[in-house]
Amino acid sequence: MNTQTEKPLTPLLLLLASYGACFGLMNEKLPVLNRLLYRVPIMRDGHDTNLFSRMFNCSYCTGFHTGWVVWLASSLGSIQGGDTVTNTILFAFASSASCYTLDTSLQWLERP
């Protein structure tokens, strides 16, 4: 793979990827992952909810954590000379965020 011809992921693409991951986690688009995270015994309270149960109710909190995870994944890809799998996954999250934003905007414009 010729890394000199590849362009690095732009910050906008990384932000869109973070938004896609945030939206997916908050809306349980991958229920297996959400169920697994809900079972992690970290910071449980009296209502038997854990850190992730509370975090997924706050887009600010979830966005913060998806942001650093996406950034690390992107950095890992550039350290390894442009890891195609990592960049593909990040682009998929960016695509999901873009599609959701466009679809929601068009639905808003089509309202009577």
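These remarks concern the structure in this document. Everything numeric in this text was worked out from a predicted model, so none of it was measured.

## Observations regarding the overall build of the chain
Stage number 1. Along the chain, the regular secondary structure elements total five helices and zero strands.
Stage number 2. The secondary structure elements of the chain, listed N-terminal to C-terminal, are α-α-α-α-α.
Stage number 3. Relative to its 112 residues, the chain shows a buried fraction of 23%.
Stage number 4. Contacts spanning at least 24 positions in sequence make up 54% of the contacts within the chain whose residues lie at least 6 apart.

## Overview of helix α1 (residues 11-26)
Stage number 1. The first and last C-alpha atoms of α1 sit 22 Å apart over 16 residues, in line with the 22 Å expected at 1.5 Å per residue.
Stage number 2. Of the residues making up α1, those classed as buried are Leu13, Leu14, Ala17, Ser18, Gly20, Ala21, Cys22, Gly24 and Leu25.
Stage number 3. Trailing α1 by a residue or two, Glu28 shows a phi angle of about 50 degrees, which is positive.

## Some points on the packing of aromatic side chains
One pair of aromatic rings is described through two measures. These are the centre distance and the angle between the planes.
Stage number 1. Scanning the entire structure with this criterion turns up one aromatic pair.
Stage number 2. An angle of 35 degrees between the planes, with centres 6.3 Å apart, marks the rings of Tyr19 and Phe23 as tilted. Remark: Phe23 and Tyr19 occur in helix α1; sequence separation between them is four residues, near one turn of the helix.
Stage number 3. A residue is classified by how much of its surface remains accessible, and Tyr19, at 33% relative accessible area, is partly exposed.

## Topic: the environment of Val40
Stage number 1. Along the chain, the position of Val40 falls in the loop between α2 (31-39) and α3 (51-55).
Stage number 2. You can call Val40 partly exposed: its relative accessible area is 30%.
Stage number 3. Each C-alpha atom, one on Val40 and one on Asn50, is 7.3 Å from the other, the two residues being ten residues apart in sequence.
Stage number 4. The residues touching Val40, leaving out its near neighbours within four places in the chain, are Asn50 and Phe52.

## Regarding the nonpolar core
Stage number 1. Counting six residues, the largest nonpolar core consists of Leu13, Leu14, Ala17, Val70, Leu90 and Ala94.
Stage number 2. Among the elements of the structure, α1 and α5 (84-110) are those that each provide at least two residues to this core.
Stage number 3. No other element matches α1, which puts three residues into this core.
Stage number 4. Residues Leu25, Phe52, Met55 and Phe56 belong to the second largest nonpolar core, which totals five residues.

## Some words on the side chain of Ser18
Stage number 1. Considering the arrangement of structural elements, one finds Ser18 in helix α1.
Stage number 2. Those residues in contact with Ser18 that sit more than four places away from it in its chain are Gly63, Thr66, Gly67 and Val70.

Reading the values: rules and limits
Residues numbered from 1 in each chain as written. Predicted model: local features only at pLDDT ≥ 70, side-chain atom pairs only at ≥ 80, totals over all residues. Heavy atoms only, no water. Helix = DSSP H or I, 4+ residues; strand = E, 2+ residues; numbered from the N terminus. Buried < 20%, exposed > 50% of the residue type's maximum accessible area, 1.4 Å probe, protein only. Contact = heavy atoms within 4.5 Å. Expected span 1.5 Å × (residues − 1). Phe/Tyr/Trp six-rings, centres within 6.5 Å; stacked < 30°, edge-to-face > 60°. Core = buried A, V, L, I, M, F, W, Y, C linked by side-chain atoms within 4.5 Å.

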